[in-house]
Amino acid sequence: MAEAALVPWPLVVLLVAAPIAWAQARATRGRGARWTGATLAAAAAAAFLLAALDATQPARRLPSALGGAPLEVGGAASLLTMVSAGALAAVALYATRGMREEVGLERLFPLLALTAAGAAGIGMAADLFQLFVFFELMAVSGAGLVAYRLWSFEAIEGAVKYLVQGAVGSMTALLGIALLYLSVGSLDPLVIRAQAASLPPTVALCAAALITIGYGVKAGLVPLHTWLPDAHAAAPAAGAAVLSGIIVPFGVVTLAKTLAAFGAPLADPAGGAGLLVLVLAAVTMTAGNLLAFRQTDIRRMLACSSVAQSGLALLAFGLALTYGAPSAVEAALFVVATTALLKVGAFLAAGALAMEAGSPRIDRLAGTGRRAPLAGAALAVLLLSLAGLPPTGGFIAKLFVAKAALEVPGALPLLLVVVLALNSVLSLGYYVPVAMRLFQSSEGAEPRHTAPRSSQAVAGAAAALAVLLGLFPEPLVAVARVAGAGLLGGA
Amino acid sequence: MADVALLAAAAVFVPIVSAGGVPLAARFGRRARDGYAVVAAAVAGALSVGLLTQLSPDPVVAAAWVPTLGLDFTVRLDALSGTVAAVAGVIGALVVVYSTAYMREAEREGYSVAWYYAVVLLFMGAMVGVAVSDSLLALFIFWEVIGLCSFALIGFTHRQRRARRAALQALVVTQLGGAGLLVAVVALWAQAGVTTVTELTTTPLPMGLFPVVGGGVLLAAFAKSAQFPFHGWLPDAMEAPTTVSALIHAATLVNAGVYLVARTAPAFAGWPGWEVALLLVGSFTAVLAGVAALVELDLKRVLAYSTISQLGFMFAAVGASAVFAAQFHLLAQALFKAALFLAAGAVIQAVGTRDLLKMGGLAPQMRAVRWSFLVAVLAMAGVPPLIGFWSKDLALSAVLDSGNAVAAVLLVAAAVLTAAYGARVYYLVFEGARRQDGPVHATPRPMAGVVVALAAASAVGALLAGPMAAASTRTLSAVGTAPDLPQWVEHVTAPSAVLVTGAALAVLVFSWGWWRGRFADAGDPKAPLRRLVESSFGADTAYEAVAEAAGGVAEWVRGVQTGDLNLNVTAALLTLVAAVGAVLLVGGAV
């Protein structure tokens, strides 16, 4: 496969799919999204398979192609590309029928493709600036998804928040990268790592803090998360699925990949930056779960739970960066992959049920699980999985993070695991009532049959996959092990 | 050995897989659905009994599960796990037979009985899974699945707000315990490389792990088996159909906690906090729940408190290193409590209420149910030669021998209380004059048959003691304390134990007369303890307070997020300043 991998084919496929989707949607205007969605899903599936071919190979750098900077393939790059392409395929399939009431689909499909391409690029990027560029590609495409319903106040409000807070974050992160470049003279993480020990501590710590806070905005870290609920409520279901399934978790990946360049100062627990990341992770998990209580809109509730999931991913990466815990990177990748699966599935199922109910309000969703059983069962399973109950992928993800933490001796990791376990119990308090409400009887309400079967089937497949992942985690564990070995430069 | 693994896997997964077939069978009508459920449950029950033919002291690797991480699915079939699995399978199957008649009413109210059968089958399979899993992680997964099943069944009558609330409370409390078990399991795996129960009980653990692992196991077991201070959810779970109560109280859920401590006991034998915690929590809970059962006026809640009390005996027995006593009392409790609950279900269906003050005088109309209930009550109170006499006296004598005076006194008091509340509940339901008019519906045949069978089993179940003790001695070398017959008789007829039984019997006779005078007319005796009991001695209040506080904090966190973009950006920048400052400070760069 070495020759075939000289070109980053999955990325190329996703980038090329964007203009094709635009052209196809323009050409078939008026007849809806069916074929455009199918084309895009096929392209995403192709990208997924191309990445999967390489997934068991360790990561390696391609010769410079784009603007002189190298890209990585294999290992984590493959896994992250598979996650992003898989999420895109699910969303595109959902949109073939699930978005038929929307207008402006020629904007939707290309934006989805570009977001996924940006995320795949984050997986492949081998230097810090390239990483920033792909991150921005993903983030800016996401803004288009939030502002999709241009005519509504909600969408404009959500998009302005997204853009302004995102811009502040990006500038802050860029400042951190610039500071690093100024001191080391290179953007290559390997070069920076080699010199990290000789950096003045003030410079290194300032740069690390700037990068953490900067990328932390997109990663939804508390208290930088405030854009999430508005953005998720403004975006259409397919857009919200991509926001929570791709943009937020890949924001965490970007943050971790950038911080990995620091090596020593961060790895020294007394060095402060590692502690900052772990504390932020614990705060983010807890606050995200608390925020999700008493939300009345299912999309806002899921957005808040994305904040909590983000804290989980950051906890795993933080353990890897701070203590060099060997299994923490694998655990983090497992979390990113399951988060994408669960969040994409949950938003799509919620979208289908909201169509059935005619409203995304949680009290209006009562009984929709009886009228649209597939989507209802899917959402119930996905919510329980997000709460971390076995036998689901969400449980295995939390298990691996807890194990990675406890492999580090000391009181702080144990404390973090206790926080993680208590958060799991806390989250039951809002996930379970919603899951129960879906199946309460709603006397008098006739099935409207407005939730398309194909859209329900996509959500159902995500739920089935979540359970399979809980019962047979071996394939993803094996891939994550290969990927984890190289992701943070062997952190 | 391969057939052992195959048999164990079949006992676990046949009911789980057949659960998926219930909705399909339901398409062919009610009879097909009920027939399918009965056959599936009977097969599951037979398989679980079949496990008893393959007992062995050694664990068997059934399958590789996550090879990359070196995780296998290992099963262990010895006397302890075999007992728990067989109880789950046999009583579960009887409950399903009973349900074919009992669930008619729920069906008329529009609830999905197919869903009910599916969850019950899943519940049975997962409970057998808890029993036979030697892998700690598999044990934990089955442990959580039975929690989910009980949640689904307690909330079965989902149109009632109380049922939904009780289901959520049960889930949250048992999950809190589950969190403790998870931390324990992961700590063992990550820090000691221990992934199976057998390794846990045979390899010496680093001292530093004891508090985390032992504490986590205790937390999980106390929450699952509703021991103080986690007892509040079990009486509230009485909102479920009575068959579910029988299943949870006799066959499955609450046994899991006792099983877990009995299973892991050898690992913590050298840790003093472990034994004291078990002895004190168990005996204290036994008394507390006994008092509650004495003043409760809801038939099912009386039985629920009685379960909590009997579980206290088992925990105390494990604390006194008498694993066999706990194991035998678990069997005894399963038999008489299943009989009591299913008889109570027949009574409730016959008179249409759970209120003890509205019952009374049912003996002439419900003869079979009445005699079964009486036998089960006597077995519970420890009247010889019924099974409860042997099992409870074995537990009592172990605790009396343990040298912990507080636990011994409490447990003797609990034994006396058992006789008192048993006499009271029997009297209030069946004797005296009827305190409410109205028809008494006849008990359908399948229901009466199951109740009589269970009562008969609790009468003669003591005959199982010999084979059980022999199997324990053969397969539980690490656990010990399974007496042979002469020792057994010596134990049970020791002066202390006989004294306690005598006291219990005296109370039984005395309270008979007392309740009789008390309820000659249908007045409501205002017991001073009632209000305290209604809030489960504060456990419900505490749960409410915690839930309330979580809600309050959530509301506050939400209030802080105003949605104002200026504030959002300011927050981001302030965080940046704070982060840079904190990092520099901690890093010592300033």
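Residues numbered from 1 in each chain as written. Chains lettered and ligands numbered in written order. Predicted model: local features only at pLDDT ≥ 70, side-chain atom pairs only at ≥ 80, totals over all residues. Heavy atoms only, no water.

### Focus on the interface of chain B and chain A
For the record, the criterion: Residue contacts follow a heavy-atom distance rule, with two residues in contact if any of their heavy atoms lie within 4.5 Å. Throughout, the accessible surface (probe 1.4 Å) given up by two parts as they are put together, summed over both, is called the buried area. We define a salt bridge as a side-chain nitrogen of Lys or Arg found within 4 Å of a carboxyl oxygen belonging to Asp or Glu. Throughout this description, a polar contact denotes any pair of N or O atoms lying within 3.5 Å of each other; where both atoms belong to protein, one of them has to be capable of donating a hydrogen while the other can accept it, and for residues adjacent in sequence the pair is counted only when both atoms sit in side chains. Only DSSP runs of H or I with at least four residues qualify as helices, and only runs of E with at least two residues qualify as strands; both kinds are numbered from the N terminus onward. Gly is placed with the polar residues, together with every amino acid not listed as nonpolar (Ala, Val, Leu, Ile, Met, Phe, Trp, Tyr, Cys and Pro) or charged (Asp, Glu, Lys and Arg).
On the chain A side, the residues contacting the 55 residues of chain B number 65 residues. Taken together, the two surfaces of chain B and chain A that pack against each other cover about 5,200 Å², and 77% of this comes from carbon and sulfur. For chain B, the biggest contributors to the area lost against chain A are Thr68, Gln561 and Val583 of chain B; these three give 11% of the whole. Linking chain B to chain A there are zero salt bridges. Between chain B and chain A we count five residue pairs in polar contact (both at pLDDT 80 or more) in total. Of all the elements in the fold, those that place two or more residues in the side of chain B that touches chain A are β1 (60–66), α7 (136–154), α8 (161–192), α25 (539–560) and α26 (565–587) of chain B. Taken together, the residues of the side of chain B that touches chain A break down into 39 nonpolar, eleven polar and five charged.

### Some details on the nonpolar core
The line we're drawing: Buried residues of nine kinds, namely Ala, Val, Leu, Ile, Met, Phe, Trp, Tyr and Cys, make up a nonpolar core once their side-chain atoms join them within 4.5 Å. Each residue gets one of three labels from its accessible area relative to the maximum for its type: buried under 20%, exposed over 50%, partly exposed in between, using a 1.4 Å probe on protein chains only.
By size, the foremost hydrophobic cluster in this structure holds 429 residues, and its most contacted members are Met301 of chain A together with Tyr116 and Val347 of chain B. At 23 residues, the largest contribution of residues to this core is made by helix α16 (residues 323–351) of chain B. If we skip the residues at most four places from it in the chain, Tyr116 of chain B touches Val95, Ser99, Met103, Leu153, Phe156, Thr243 and Val244 of chain B. Grouped together as the second largest cluster of nonpolar side chains are eight residues, Ala420, Ala423, Ala504 and Val507 of chain B included.

### Here's the deal with the pairing of strand β2 (residues 71–75) of chain B
Residues and elements named next belong to chain B. Threshold: Paired strands, in this sense, are two strands between which DSSP finds at least two bridges.
Within β2, four of the five residues are buried, leaving the element largely enclosed by the surrounding structure. Of the pairings in the sheet, the one linking β1 to β2 comprises five bridges and is antiparallel in character. Opposite Val60, over in β2, you have Val75 as the bridge partner. With antiparallel pairing between neighbouring strands as the criterion, β1 and β2 make up a hairpin whose turn holds four residues, including Gly70 at a positive phi of roughly 70 degrees.

### Thoughts on the confidence of the model for chain B
Here is the rule we go by: pLDDT is defined as a per-residue confidence score from the predictor, taking values between 0 and 100.
Of the residues in chain B, 90% reach a pLDDT of 70 or more, and the chain-wide mean stands at 84. Here the complex is predicted with pTM 0.90, and the ipTM for its interfaces comes to 0.88.

### A word on unusual backbone geometry
For the peptide bond that leads from Val222 of chain A to Pro223 of chain A, omega is 5 degrees, which places it in the cis range. Relative to the elements of secondary structure, Pro223 of chain A occurs in the loop between α8 (201–219) and α9 (228–234). Following Pro390 of chain A, the chain continues to Pro391 of chain A via a peptide bond in cis, the omega torsion being 0 degrees. Relative to the assigned elements, Pro391 of chain A resides in the loop between α16 (373–386) and α17 (393–406). In this structure, Ala226 of chain B is a non-glycine residue whose phi angle is positive, near 55 degrees.

### Comments concerning the side chain of Ser141 of chain A
Residue and element names in this part refer to chain A. The residue Ser141 is located in helix α5 (residues 128–146) in this model. Residue classification places Ser141 among the buried positions, given a relative accessible area of 4%. If near-sequence neighbours (up to four positions away) are discounted, Ser141 is found in contact with Leu111, Leu114 and Thr115.

### Some words on the confidence of the model for chain A
All names here are of chain A. Scored by pLDDT, chain A comes out at a mean of 87, with 93% of its residues at no less than 70. By mean pLDDT, the top-scoring element of chain A is α16 (94), and the lowest-scoring one is helix α11 (residues 264–267) (60). In the predicted structure, residues 1–5 sits below a pLDDT of 50 and forms seven contacts with residues beyond four places in sequence or in another chain.

### Re the environment of Ala346 of chain B
Residues and elements named next belong to chain B. On the secondary structure map, Ala346 appears in helix α16. Residue class for Ala346 comes out buried when judged on its relative accessible area of 3%. A sequence separation of 337 residues divides Ala346 from Ala9, and the C-alpha atoms of the two residues are 35 Å apart. Each residue touching Ala346, except ones within four places of it in the same chain, is listed here: Tyr98, Met366, Val369, Thr443 and Met447.

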